[in-house]
Amino acid sequence: VPNTATTLTIITIGDNRLGCIHYSQTTEGSHLIFEGTGSLTVADADYNTESHNGSEYPGVEQMGDGTYFSNHWCAAIGNNDSNDKCHGIVINSGTIFVGTTQAENCTAIGGGGNGYGEVTINGGTITAVATTTGTAIGGGIGYNSNGGQGNVIINGGNVYAYNFANRWNIPSSAIGGAGTRKANGAIGTVKINAGYVYAYSALGTAIGGGSSQWKKGGDADITISGGTVIAKTGSKLSTGIGGGTGNSGGVIDENHDNLETNRNGGNATVTINGSAIVRTGSIGGGGTGNTNVDKIGNATILISDGDIQAQCILAAGSGATPTFTMTGGTIRNSNTADSEYL
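Residues numbered from 1 in each chain as written. Predicted model: local features only at pLDDT ≥ 70, side-chain atom pairs only at ≥ 80, totals over all residues. Heavy atoms only, no water.

Peer 1: What should I look at first to understand the environment of Asn247 in this one?
Peer 2: Its location among the elements puts Asn247 in the loop between β23 (241–242) and β24 (268–272). Sequence separation of Asn247 and Leu237 is 10 residues, and the distance between their C-alpha atoms is 9.9 Å. (Helix = DSSP H or I, 4+ residues; strand = E, 2+ residues; numbered from the N terminus.)

As structure tokens, this is what we get:
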């Protein structure tokens, strides 16, 4: 119902399989709730026999016949390609797998094309797999325009989020804000209070802001208050937890329109407290593809408790003064093997 807060609850019993669950609600206080003891698999169902090219779908190079294409730019669970907001996806229990393909270029759980995605996970076992400029969990895809902001809260359960390399090499996060080519990366807001979280991004930040191939990385606001968090990135330019990568393509050609804009890495505020266990390569401001021209994002890092294995990235010169405050907890050598968690 437009402009009215609504709640729809899906209770899983047994084994359930769907191609997509499209949900759009711009009204705060609305919810799409998943719970139950069953399993749910959400993955594309349509098999196309026709080629698709850039004139039909801008940004889609010739993909050839026989591609799975049903959720193009639309989240598998979440909004369609409408540049709109998706409030209130809530997962309380169950075993849920959500997968999207490279051809579709869409977020697994969260926002549709360029759209805001709000996701809360309270329990269950959730696996989200994407190959996208969007996210596995969070904001919707971007290409020429901004990707969607992501607002993700994890209060429990076992969460596995994977974002593999898309065909344009546009970096984006696994959990958080979406990436894009020509615009700024999207903001990623993530709160982890409990549970087990494994996040991997092949090209961008594992948990945090979205990245940009040409312009500024997305800012991030990350709070980890408990649970075990493993965050990995496959890119030397990206942080494990923090701001998105700026100008990942290292563009300095005067013919590109991004020279007049900020191409720095995204700024990050990262707070770690409680009894959190955190294992990642780096925490802090986002990197950039050309440090001779652009700056690493500013970082504010606040640690009061927790067992942390990471390097903290603090760099001046991005328009603010980085801050590191540690009043408790332990930071381990980031090169130390820890087979119990990794």
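Peer 1: So what exactly am I meant to see when it comes to the packing of aromatic side chains here?
Peer 2: Ring pairs (aromatic) are described by centroid distance and by the angle formed between their planes. Applying the stated criterion across every chain, the model contains five aromatic pairs. Members of the aromatic cluster, connected to one another through ring pairs, are Tyr162, Phe164, Tyr198 and Tyr200. (Phe/Tyr/Trp six-rings, centres within 6.5 Å; stacked < 30°, edge-to-face > 60°.)

Peer 1: Help me understand the pattern of salt bridges in this model?
Peer 2: Think of it this way: side chains of opposite charge can pair up when their charged atoms draw near. Enumeration according to the criterion identifies five salt bridges in this entry. The partner of Asp294 in a salt bridge is Arg263, with the nearest N and O atoms 3.1 Å apart. Taken as a pair, Asp294 in the loop between β25 (277–284) and β26 (299–303) and Arg263 in the loop between β23 and β24 lie far apart in primary sequence, 31 residues in all. The pair Asp294 / Arg263 is uniform in exposure class, with both members buried. Salt-bridge contacts for Arg279 lead to Asp307; the nearest nitrogen and oxygen are separated by 3.3 Å. (Salt bridge = Lys/Arg side-chain N within 4 Å of Asp/Glu carboxyl O. Buried < 20%, exposed > 50% of the residue type's maximum accessible area, 1.4 Å probe, protein only.)

Peer 1: So what exactly am I meant to see when it comes to the pairing of strand β16 (residues 158–164) here?
Peer 2: Within a regular strand, side chains alternate between the sheet's two faces. Only one face of β16 is covered, namely the one carrying Val159, Ala161 and Asn163; the face carrying Asn158, Tyr160, Tyr162 and Phe164 has none of its residues buried. Sheet topology note: the strand β13 (residues 125–131)/β16 ladder contains seven bridges and is parallel. Within β16, the position partnered with Thr131 by the bridge is Phe164. Where β16 and strand β19 (residues 196–201) come together, six bridges link them in parallel fashion. Residue pairing across strands places Tyr160 opposite Tyr198, the latter belonging to β19. (Pairing = 2+ DSSP bridges.)

Peer 1: Would you explain unusual backbone geometry in this entry?
Peer 2: The phi angle of most residues is negative, glycine excepted, and most peptide bonds adopt the trans form. One non-glycine residue, Asn105, adopts positive backbone phi at about 45 degrees. With respect to the helices and strands, Asn105 occurs in the loop between β10 (95–99) and β11 (109–110). When its relative accessible area of 1% is taken as the criterion, Asn105 is described as buried. Backbone geometry places Asn114, a non-glycine residue, at a positive phi of 65 degrees.

Peer 1: In this structure, what is going on with the side chain of Ser172? I would like to understand it.
Peer 2: Residue placement: Ser172 occurs in the loop between β16 and β17 (175–176). Among the polar contacts made by the side chain of Ser172, one reaches the main-chain carbonyl oxygen of Thr133 at a distance of 3.0 Å. Separated by 2.9 Å, the side chain of Ser172 and the backbone nitrogen of Gly179 make a polar contact. The contacts of Ser172, once residues within four sequence positions are left out, are Thr132, Thr133, Gly134, Thr135, Asn163, Gly177, Ala178, Gly179, Ser201, Gly204, Thr205 and Ser211. (Polar contact = N/O pair within 3.5 Å; in protein donor to acceptor, adjacent residues only side chain to side chain. Contact = heavy atoms within 4.5 Å.)

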